[in-house]
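Each chain, written out:
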Amino acid sequence: MNYLARRLVTFPLILLGVSLLVFFSIRMIPGDAITAMLGTEAGLLTPVQRQALAEYFGIDQPAVVQYGRWLWGVLQGDLGLSVTYGRPVLAIILERFPLTLELALLSMVIALSVGVPAGVLAATRGERPADVVVRILAMLGQSTPGFVVGLVIIYVLSVYFGFIPAMGSFASLWSDPLANLGQLIFPAVTLGFAFAASVTRISRASMLDVLSDDYIRTARAKGVPARSVVWHHALPNALIPVVTLSGVEFGYLLGGAVIVEQIFALPGLGRLTLDAIGQRDYALVQGCVLFIALNFLIVNLLVDLAYAALDPRIRLGAR
Amino acid sequence: MRILRAIAAHPTGRIGAGIILLYLLLALCGTIGFTPHNPLQQFRIDRLQGPSATYLMGTDLFGRDTASRLMVGIGQSFLIAFASVGLASLVGTIIGLLAGWWGGWLDGAFMRSMDVLLAFPAILLALLIIAIVGPGTFTSVVAIAAVYTPIFARVVRGPTLSLKRREFVDAARTFGSSERYILTRHLLLNLVAPLTVQVTLALAWALLTEAGLSFLGLGTQPPAPSLGLMMSEARNLMQQAPWLLVFPGLTIMLGILGFNLFGDALRDILDPRTQRRTA
Amino acid sequence: MTSLLSVRDLAVGFGRDAAEKPVVRGISFDLAPGETLALVGESGSGKSVTALSINRLVDFGGGRITGGTMAWTRPDGSTLDLAQADERTLLGLRGREIGMIFQEPMTSLNPVHTVGAQIEEAFRLNRGLEGRAASDAAREALDRVRIPDAAQRMKYYPHQLSGGMRQRVMIAMALAGNPRLLIADEPTTALDVTVQAQIMALLAELKAELGMAMIFITHDIGLVAGIADGVMVMQDGVVVEQGRLDTVLDAPQHDYTKHLLGAVPHFTGGQAVRSDHRRETGQQPAVKVDDLVVRFPIGGGWFSRDAGAIHAVEGVGFDLVPGETLAIVGESGSGKSTTARAILGLTEATRGAIVTSPGRHGRPVQMVFQDPFASLNPRLDVASLLAEPAIAAGMRVDAALRQRMVQLLERVGLPEDALSRYPHQFSGGQRQRLCIARALMLNPDVVVLDEAVSALDVSVQARVLDLLIDLQHEFGLAYLFISHDMAVVERIAHRVAVMYAGQVVEIGDAASVLAKPRHSYTKRLIAAVPGIERRRQRYDVDTTPVPSLIKPKGYEPAPAEWVTAGEDHLVRVE
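Residue numbers restart at each chain and count upward from 1, following the sequence in its written direction. To label them, take the chains in the order written and letter them from A, then take the ligands in the order written and number them from 1. In view of the model being predicted, local features appear only for residues whose pLDDT reaches at least 70, and side-chain atom pairs are presented and counted only at 80 or more, with totals across whole chains, interfaces and linings using the full set of residues. Side-chain numbers here rest on the full set of heavy atoms in the structure, without hydrogens or water.

**Q** In this structure, what is going on with the pattern of salt bridges? I would like to understand it.
**A** Side chains carrying opposite charge are able to pair once their charged atoms draw close together. Residue and element names in this part refer to chain C. The term salt bridge refers to a side-chain nitrogen of Lys or Arg lying within 4 Å of a carboxyl oxygen of Asp or Glu. Here the structure, examined in full by the defined rule, presents 36 salt bridges over all chains. With its nearest N and O atoms 3.4 Å apart, the salt bridge here joins D17 to K21. Only protein chains enter the accessibility calculation, which uses a 1.4 Å probe; a residue is then buried when its area is under 20% of its type maximum, exposed when over 50%, and partly exposed in between. By relative accessible area, D17 is classed as partly exposed at 30%. Relative accessible area serves as the criterion here: at 57%, K21 is assigned to the exposed category. Through salt bridges with shared partners, a single ionic network connects D291, R295, E314, R351 and E556.

This is the structure in structure tokens:
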């Protein structure tokens, strides 16, 4: 069967697995759900009240039935109610999500636009200073946790420039694009730092591999100039692993957003998840985790499409 | 032996190995209590001291010695990293090997469940597990192991698929060798090299993830020292006491760098593809 | 006539000690316009490095010209030393004045661009054609290399074409700039012999048409006879003999050339078959295969219904008596290797009977594989490798077993201390000897040799074949010898079965089948085999397509009809 068709078939299957995992892991939390939901206040409930609540939330039913109901709700966009906010989980998530998505995409753009040229430069300069410098920087970048980068940026900005990235009030992309970019640029650099390093390393390695391939020799034999050999013949082939990496890394970006949003006090989905865990707001935790995983899966599907666009052997079915 | 010699001759592998050895030594000293000061003791009069002869890396808000706390923190980080990578590589290898070897529905079932785990960004999966079990050392181990198990399964399954089509496995079948013999002598033995590389690199990632979790306050719980937590505490003091930011930050970076350098060197040495390129 | 290219004392090295340890050295030759020079040598002889030095592609592989001159006559009559030329000048030369084609058509085309785009690029760079003009020229070029449906094929990606087609695309691309010299680096080595004949015919035709000179690199001295004017034989980085074609082939001076011409198998059309075995009537066969059928179902999946099956092997039958060699010859996709794998149980047979000699326990059939680098586990030492069949048979690893290992090692010509060494410490030929020893550990009746000498250098091939013949005499072994190489088959076979598209089309006594082929495919196959006797002989450009092996579900071929063509010679009715 065709590669893309197979991906499309397994997609809902994996989604189902994800929903199962999310649902049942939340149910594994020790103690009954009402205590978990209401915390210490649950102690004040009478048995009758408890029963009523259990019926209301459907937790007197067998687990499978509960899962079915929950999944049915999820399919209709009902992720339940947040105890902390007293509002539908989906509405809260949709409020917070644009920021996180923008952050992730911005850092991806930064990482790719720095990483790919740097990797190509290093690969085509073999063992000369440019290559060595790029390799050292990439190695250091890959070894530095995001929060270290973020704290160093904040430190440098505040101590040397007396500038503290605006925290608290947040300008959205639509209301004030410039202020929004100003607020997001440093978090995005923080988030994209390690990603840029791995893009650089992969681009370099892949470019080196491709440059030793037979068809590059063919291109040279027919008189293709060096610049065109690199950009026209080698790069489309060398980008294939970079595209794969980008799909995987998008997940790390969504995950890393938790930390970066925490450092820069950005009201995104990552911080929402973290707060929800702190507040034991399980419907919200469940919703956030599910939503992020769904986005990650969609991006990976898009990456596979890009992959096929880039590689005719996949698009047209290699033998 | 050959590999150790090769690493000693490898320019960056040597540096990586040196860093790892140094950290292991520090971690050992930290764990058995062989530190300059008691890492938990609060020297109240010496709060927020800069680096000095007494306090090599200064003290924190409570007057605790940063250097001593870092040593214990390294021990803690390494413990979690080694335990989680050990667990992940064991489970992942078994899953990847069996999925690749038997193929069919078992392969599908195993690898799709790995895909489900991979659908969660690393930190998020860890957060989910911590939300369930509650923070702590053991939780960190399980959470990080859950993140890297599918990666090991994939790393093992790929070569297993290609190894099982190799002619030496065909040859073994023509002799009538048992499945167990083929799996252990022909497959596992040839997987040792890629696994070693992967384990080293996974140790670097595990350190990274552990530091992130404890930075968020979801890893090792205070007052026990941990590298991420120390960074988190330094946040609000960075203007008065930058050393509280600088030393833990450098410690984390250098440790991860060590494993990355070592892993890269191992790959250069063990992977015939890169060998050909450098030859 | 002035020469086109005049090379004097060329030396090339790699890496840091390029000058101290040159890979090739002291190479001198002259090439006149329109002339063909063949460069002959085995792997590691430096023939490819020499060729790549001429257009200086060797620079990109880390190589450096460390000495000598290469005087190239430009179209305007001026001379240029290629050894000193800068990259800028060379760029204008490559593709325009010097074209090149390579050994692996599979990997030599860029997988992400269409073949049309790749040929157009050559026209754009070397003829300055743009847009429509370039694509028209590309289409004409595809026509010229006899690619059917050229307009359609322009849009194909390389992976959608067969190996022979890709090599034609390569040729079309190399000739786009009308070069005055074409360097062909083993252009047919990766191809089937009938496809090889087509490419050779095409090259000869185009060369005559365009009047270009050619440097033809090959390991097969037989191939040289058909195309070359001059020959240069290389060994270990130096030229050991060079001269006109007839002089070198008929009166070789150097021992190595004599060895290449004498010891190496050359196809002689059934003149040189073995005569050391005759079948006795009523002899019990060591293995008998009857109506063997192997089919692989295609597709399936979740949406598509059963699309049918690949009929890889269809109704194959033969028998093999002790002391006898049956060679199965055929090209890629003929089903010969699948037949071998089915006999060993490595591939499941759809139906058919495989009967080995009665009264034998264990595994009377053993196998030696094509690639001696892939068929030995690199992580095990020789003792463990040899012990494996015994362990599998439930034997103990004891002194007696060790004794047998040492004996077998000695028998196949390997030293006793080999036991503690690892596969990578041996050469290709030595490894194949190891594989043979391993196959003999359990005293088999039959050894299946699947392209067992194909991966070896020609001179090593000859020695391994001699060893196989000796072992056959000593142990009374029956060989099933799978090969695509007619010269090797002629040297080792008593009987020959020719396979084509999954079926045996002709089977019988080797002398009879090879000398008097009856089936049209066998004739075509034998006509395509190059030989040193076939001087400047043109091959026919024959483009008969192989019938598809994919059949609809439930398809059963008509039963085979056979006619007798001799005492032991059957031909399938077409």
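**Q** What is the right way to look at the sheet that holds strand β3 (residues 36-40) of chain C in this model?
**A** Strand pairs in the sheet, formed through backbone hydrogen bonds, run parallel or antiparallel to each other. Residues and elements named next belong to chain C. Strands sit in the order β6-β7-β8-β3-β9-β10 across an open sheet of six strands; the sheet is mixed. At either margin of the open sheet sits one strand with a lone partner, and together these are β6 (98-101) and β10 (238-244). When strand polarity is set aside, the average angle formed by the axes of neighbouring strands in this sheet is 15 degrees. Residue contacts are counted whenever heavy atoms from the two residues lie within 4.5 Å of one another. Orientation is described by axes fitted as lines to C-alpha atoms, over the contacting stretch for helices, and by angles from 0 to 180 degrees between their N-to-C directions. Starting at the N terminus, helices and strands are each numbered in turn, a helix being any DSSP run of H or I of at least four residues and a strand any DSSP run of E of at least two. The strands touched by helix α10 (residues 255-262) within the sheet are β3, β9 (230-235) and β10, with β9 carrying the most contacts at an inclination of about 105 degrees. At least two DSSP bridges between two strands are required for those strands to pair.

**Q** Mind showing me how you'd approach the packing of aromatic side chains here?
**A** The description of an aromatic ring pair uses the distance of the two centres, along with the angle that the planes make with each other. Paired rings are identified among Phe, Tyr and Trp, the last through its six-membered ring, by centres lying within 6.5 Å, and are further divided according to the angle between planes into stacked (under 30 degrees), edge-to-face (over 60) and tilted (the rest). According to the stated counting rule, one finds 13 aromatic pairs over all chains in the structure shown. A centroid spacing of 5.0 Å and a plane angle of 85 degrees characterise the contact between F23 of chain A and F24 of chain A, whose relative ring orientation is edge-to-face. Both rings, one in Y23 of chain B and one in F78 of chain B, keep their centres 6.1 Å apart while their planes meet at 20 degrees; by these two values the pair is stacked. Remark: F78 of chain B occurs in helix α3 (residues 66-102) and Y23 of chain B occurs in helix α2 (residues 11-31); sequence separation between them is 55 residues. Each member of the pair, Y23 of chain B as well as F78 of chain B, carries the same accessibility label: buried. Ring-pair connections join several aromatic residues into one group, and the members of that group are F23, F24, Y67 and W70 of chain A.

**Q** What should I look at first to understand helix α15 (residues 458-475) of chain C in this one?
**A** Residue pairs three or four apart in sequence face the same way in an α-helix, which turns once every 3.6 residues. Residues and elements named next belong to chain C. Expected helix span is taken as 1.5 Å per residue step, with the number of steps being one fewer than the number of residues. Relative to the 26 Å expected for 18 residues at 1.5 Å per residue, α15 spans 26 Å between its end C-alpha atoms, a close match to the ideal helical length. For α15, the full list of buried residues reads V458, S459, Q461, A462, V464, L465, L467, L468, I469, L471 and Q472. In the stretch just after α15, G476 is the one whose phi turns positive, near 60 degrees.

**Q** Please explain unusual backbone geometry as it appears in this structure.
**A** Glycine aside, a negative phi is what most residues show, and trans is what most peptide bonds show. The peptide bond linking P222 of chain B to P223 of chain B adopts the cis configuration, its omega dihedral lying at 10 degrees. With respect to the secondary-structure elements, P223 of chain B resides in the loop between α8 (179-215) and α9 (227-234). Even without glycine at this site, R146 of chain C takes up a positive phi of about 60 degrees. Tracing the backbone shows R146 of chain C in the loop between α4 (131-144) and α5 (150-153). Of note in the backbone geometry, E451 of chain C takes a positive phi value of approximately 50 degrees without being a glycine. With a relative accessible area of 7%, E451 of chain C lands in the buried category.

**Q** Help me out: how do you make sense of the interface of chain A and chain B in this one?
**A** Of the residues lining the interface, 47 residues belong to chain A; the matching set on chain B comes to 40 residues. Here chain A packs against chain B, burying approximately 3800 Å² in sum over the two surfaces, 79% of which is carbon and sulfur. Summed over the shared surface of chain A and chain B, the result is one salt bridge. Residue D264 of chain B pairs with R201 of chain A through a salt bridge whose shortest N-O separation is 2.8 Å. Here a polar contact is taken to be a pair of N or O atoms separated by no more than 3.5 Å, where protein atoms must pair a possible hydrogen donor with a possible acceptor and residues adjacent in sequence count only if both atoms sit in side chains. Connecting chain A to chain B are four residue pairs in polar contact (both at pLDDT 80 or more). Listing elements by their share of the side of chain A that touches chain B, those giving two or more residues are α1 (3-27), α6 (129-142), α7 (146-160), α8 (177-211), α10 (226-263), α11 (269-278) and α12 (282-310) of chain A. For the side of chain A that touches chain B, a count of residues per class yields 34 nonpolar, eleven polar and two charged. By buried area we mean the combined loss of accessible area, with a 1.4 Å probe, across both parts when two parts are placed together. Basically, the charged four are Asp, Glu, Lys and Arg, the nonpolar ten are Ala, Val, Leu, Ile, Met, Phe, Trp, Tyr, Cys and Pro, and anything else, Gly included, counts as polar.

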